[in-house]
Amino acid sequence: MVDLHLHTTASDGVMTPSELVNYAKKKGLLAIAITDHDTIEGLEEGLAEGEKVGLEVIPGLEISAEHSPGSMHLLGFFIDIYHPLLRERLQYLQKARAERNPKIAKKLNSLGIDITLDEVLRASGGGQIGRPHFAQVLLEKGYVQSFQEAFDRFLKKGAPAYVEKMRFSAEESIHFINEANGIAVLAHPNTLQLNGYSELEDLVVQLMGKGLRGIEVYYPEHSAAEVSQYKTLAERYGLLITGGTDYHGIEKNGLDIGVGRGEMKLPYSIVEGLKAARRQSSF
Ligand code: AMP
Ligand code: ZN
Ligand code: FE
Ligand code: FE
């Protein structure tokens, strides 16, 4: 069993990279990919812990790219975490977040909510701050009854405390993933909010022209129909197939690493597929 979509405290997950690696090991996983949002800060620790406990850890990340009206996330696998262009692009994204967070706090304050950036920083555990950490503080302070309510009432796109954040285009995101020797994969296509198969097909073909190599077919929020649609698309265009739970260690009732809500169990052959593609691209 493998899980190729996981978050740690480096972004908005709850477990530190070491805790996540140990948890995956305990659950009997053969390989994991750590794919934090817009950051690789958890990878050094995660890779070292993987070596220590004997679990294969794939260095990855998840980039939020420009897209409307839905959201587009791109996964990068087997990235070189010391690549200068990658590091420069990620630094830029960190700066964009650093500028956005005080604006979210200010908007919440203007809505009569008592919240400080310090409280949000504490909720983040020292890693990158994102909206889930604002949601957590809103929940802890009793302004909302659930994590989801915090997003619906305040934080989601279009809600009163939403603040736009600078993103790179899909093309640029794929470019710097590839430059860093990574394999770029379109994450959870169902969040793109496209109209049916042919719109997705058009987009995927266009992104393949920019260097996209795969598609995340297996994902807890994909329906059986979506899974089969994405699989058909991948097979038709010779794209790699990946999958993962997007486990954050919180929320999302009953979701667990490796198995999702019980239905997942992805074979190691998925990792072998990525590795074969990697060998091809190094010629
Ligand atoms: P940020 O990095 O600040 O843009 O926050 C992105 C994260 O917020 C995502 O990875 C999700 O975990 C969470 N998120 C985004 N939109 C929603 C939503 N509508 N409902 C619940 N969680 C969301
Ligand atoms: Zn997240
Ligand atoms: Fe995502
Ligand atoms: Fe994710």
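This structure is a prediction, so every number in the text was calculated from the model and none was measured.

### Looking at the overall build of the protein chain
Then step 1. Within the protein chain, the regular secondary structure consists of ten helices and seven strands.
Then step 2. Computed over the C-alpha atoms, the radius of gyration of the protein chain is 18 Å, within 12% of the 19 Å expected from 2.2 N^0.38 for a compact globule of 283 residues.
Then step 3. Its C-alpha atoms give the protein chain principal-axis dimensions of about 55 × 45 × 40 Å.
Then step 4. Counting only residues that meet the buried cut, the protein chain has 53% of its 283 residues in that class.
Then step 5. Long-range contacts, defined as pairs at least 24 residues apart, comprise 71% of the intrachain contacts of the protein chain with a sequence gap of at least 6.
Then step 6. Surface summary for the protein chain: the accessible area is close to 12,400 Å², and the carbon and sulfur share equals 50%.
Then step 7. Within the protein chain, one finds 30 positive and 38 negative side-chain charges whose respective centroids are separated by 1 Å.

### Re the site of ligand 1
Then step 1. Residues in close proximity to ligand 1 include Asp12, His37, Arg97, Arg100, Gly130, Arg131, Pro132, Gln148, Phe151, Lys156, Lys165 and His248, which together make up its full environment.
Then step 2. Between ligand 1 and the protein, one listed contact pairs an oxygen atom with a side-chain N or O atom of Arg97 at 2.9 Å.
Then step 3. For ligand 1, the accessible surface in isolation is 500 Å², of which the surrounding protein chains cover 77%.
Then step 4. Put simply, ligand 1 lies in the largest pocket.
Then step 5. Counted by class, the shell around ligand 1 contains two nonpolar, four polar and six charged residues.

### Remarks on the nonpolar core
Then step 1. Among the nonpolar cores identified, the biggest contains 47 residues, and Ile32, Met72, Leu74 and Leu186 are the most heavily contacted of them.
Then step 2. Non-local contacts of Met72, meaning those with residues more than four positions away in its chain, are made with Ile63, Ser64, Ala65, His67, Ala170, Leu186, Leu192, Leu203 and Leu207.

### Remarks on the sheet that holds strand β5 (residues 183-186)
Then step 1. Read from one edge to the other, the open sheet built from seven strands follows the order β1-β2-β3-β4-β5-β6-β7, with strand pairing classed as mixed. Each edge of the open sheet is held by one strand with a lone partner, namely β1 (2-6) and β7 (240-243). Recorded for the sheet is a direction-independent mean angle of 30° between the axes of neighbouring strands.
Then step 2. Bridge analysis of strand β4 (residues 72-77) against β5 gives four bridges, and the strand direction is antiparallel. From the neighbouring strand, Phe77 faces β5, where its bridge partner is Ile183.
Then step 3. The strands that helix α7 (residues 170-179) touches are β3 (56-65), β4 and β5; relative to β4, the one it contacts most, it runs at about 10°.

### Brief notes about the side chain of Thr8
Then step 1. Position of Thr8 relative to the elements: it lies in the loop between β1 and α1 (17-26).
Then step 2. From its side chain, Thr8 meets the backbone nitrogen of Ala10 in a polar contact 3.0 Å long.
Then step 3. Excluding residues that lie within four positions of it along the chain, Thr8 makes contacts with Gly13, Met15, Thr16, Pro17, Leu20, Ile34 and Asp36.

### A word on the environment of Pro189
Then step 1. Turning to its location among the elements, Pro189 is positioned in the loop between β5 and α8 (196-208).
Then step 2. A C-alpha to C-alpha distance of 27 Å links Pro189 and Pro160, two positions 29 residues apart in sequence.
Then step 3. Setting aside its immediate chain neighbours within four residues, Pro189 contacts Leu200, Ile215, Glu216, His222 and Tyr230.

### Looking at the pairing of β7
Then step 1. In terms of strand pairing, strand β6 (residues 214-218) meets β7 through four bridges, oriented parallel. The residue bridging Tyr218 from the neighbouring strand is Gly243, located in β7.
Then step 2. Between the parallel pair β6 and β7, the chain is carried across by helix α9 (residues 224-237), and the sense of this crossover is right-handed.

Conventions and cut-offs
- Residues numbered from 1 in each chain as written.
- Chains lettered and ligands numbered in written order.
- Predicted model: local features only at pLDDT ≥ 70, side-chain atom pairs only at ≥ 80, totals over all residues.
- Heavy atoms only, no water.
- Helix = DSSP H or I, 4+ residues; strand = E, 2+ residues; numbered from the N terminus.
- Rg over C-alpha atoms; globule rule 2.2 N^0.38 Å.
- Buried < 20%, exposed > 50% of the residue type's maximum accessible area, 1.4 Å probe, protein only.
- Contact = heavy atoms within 4.5 Å.
- Areas by Shrake-Rupley, 256 points an atom, 1.4 Å probe, with all protein chains shown as cover.
- Lys, Arg positive; Asp, Glu negative; His and termini not counted.
- Charge placed at Lys NZ, Arg CZ, Asp CG, Glu CD.
- Near = heavy atom within 4 Å.
- Polar contact = N/O pair within 3.5 Å; in protein donor to acceptor, adjacent residues only side chain to side chain.
- 1 Å grid on protein atoms, 1.4 Å probe; cavity = no way out; pocket = protein on both sides within 12 Å on 5 of 7 lines; lining within 4 Å.
- Sits in = over half its atoms within 2 Å of the grid points.
- Nonpolar A, V, L, I, M, F, W, Y, C, P; charged D, E, K, R; others polar.
- Core = buried A, V, L, I, M, F, W, Y, C linked by side-chain atoms within 4.5 Å.
- Pairing = 2+ DSSP bridges.
- Axes fitted to C-alpha atoms, helices over the stretch in contact; angles between N-to-C directions.
- Right-handed = clockwise from strand over helix to strand, strands pointing away.

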